[in-house]
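# Architecture and fold: a report
Each chain is listed here by its residues.
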Amino acid sequence: MAEYSDVGSAVLQVLQTADPNAKVMAARHAARQWRVGRLSHDFPHRMPDMPARPDRPLLLLPRDMPRRGGGTSLPRRIALIHALAHIEFVAIDLAFDMIGRFGAQFPRDFTDDWMRVGSEEAMHFALLDRRLRAMDSFYGALPAHDGLWDSAKNTAHDASARLAIVPMVLEARGLDVTLQTVERFERQGDNSTAKVLNRIFRDEINHVSYGTKWFEFACDQRDQNPHARWKELVKAHFKGGLKPPFNDSARQAAGLTREYYSAIE
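Predicted model only: the values in this text are computed from it and were never measured.

Of the regular secondary structure elements, the chain holds 10 helices and two strands. Secondary structure elements of the chain occur, N-terminal to C-terminal, as α-α-β-α-α-β-α-α-α-α-α-α. Relative to the globule expectation of 18 Å for 265 residues, the C-alpha radius of gyration of the chain, 18 Å, shows essentially globular dimensions. For the chain, the C-alpha atoms occupy an extent of roughly 50 × 50 × 30 Å along the three principal directions. Taking all 265 residues of the chain together, the buried fraction comes to 52%. By sequence separation, contacts in the chain at least 24 residues apart represent 81% of the contacts at least 6 residues apart. Averaging the coordinates of the 36 positive side-chain charges in the chain and doing the same for the 34 negative ones gives two points 5 Å apart.

The following block contains the structure:
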């Protein structure tokens, strides 16, 4: 594992690593090096427009993705876990790109928070990939789409926009739907996957809270009303609107109160 003296270089290493297992290791290593004080708070590199990607999975447009259906067969369960694993894989890059692209604009605590997010997303991916392998499948066996990274590209120019869309819209949506997915796996007797998803759900509350915290910090620095500014950014950068039902209690725990989202459902 390459060693670096600054956080920007360590982040770039994660983003330039295509192999999923190597990316997980690079993410954990960068987070550990930062935590023990071996990386300076310096950002000498421009972040890539697109992180390195493995040859598989095949990336399709969202409209071209095959429908998973709602059944309980093993192939459909595998398809759902594969989709979740892809979300977590891309989330590793989203967290580290957040640091490398915007970290210089914020206090060191910003990097503390997103390093933790990146490390946890790597752990989530590894757990889901392990579940796939236990089902005689693997990450990359099925196609996926890159809609999550499209949101990153659309907000690469503005930290507030990135915070508003990625953690406060996309990850917050995970808070709304994950517990129903947990129940679905429990009904199918797949308690191992349900346990993994419960762990992800608890961690994602913290991830959304970091988004809300730093979005409000940015708004305070610019003397902006955070609720009004968030609505402006969502209308500008998120197509399709916010759709209920919402897990209000989980969102509240993350600081994402109904003052943000109730008026633009």
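Summed over all chains, the structure comprises 12 aromatic pairs. For the ring pair Trp114 and Tyr210, a centre distance of 6.3 Å and an interplane angle of 75° mean the geometry is edge-to-face. Pair noted here: Trp114 is in helix H4 (residues 108–134) and Tyr210 is in helix H7 (residues 191–221), with a separation of 96 residues, a long-range link. The exposure classification of Trp114 matches that of Tyr210, with both residues buried. Here Phe125 and Tyr139 contribute two aromatic rings whose centre-to-centre distance is 5.1 Å and whose plane-to-plane angle is 85°, an arrangement assigned as edge-to-face. With Phe125 in helix H4 and Tyr139 in the loop between H4 and strand E2 (144–145), this residue pair connects regions lying 14 residues apart in the sequence.

What counts, and where the lines are drawn
Residues numbered from 1 in each chain as written. Predicted model: local features only at pLDDT ≥ 70, side-chain atom pairs only at ≥ 80, totals over all residues. Heavy atoms only, no water. Helix = DSSP H or I, 4+ residues; strand = E, 2+ residues; numbered from the N terminus. Rg over C-alpha atoms; globule rule 2.2 N^0.38 Å. Buried < 20%, exposed > 50% of the residue type's maximum accessible area, 1.4 Å probe, protein only. Contact = heavy atoms within 4.5 Å. Lys, Arg positive; Asp, Glu negative; His and termini not counted. Charge placed at Lys NZ, Arg CZ, Asp CG, Glu CD. Phe/Tyr/Trp six-rings, centres within 6.5 Å; stacked < 30°, edge-to-face > 60°.

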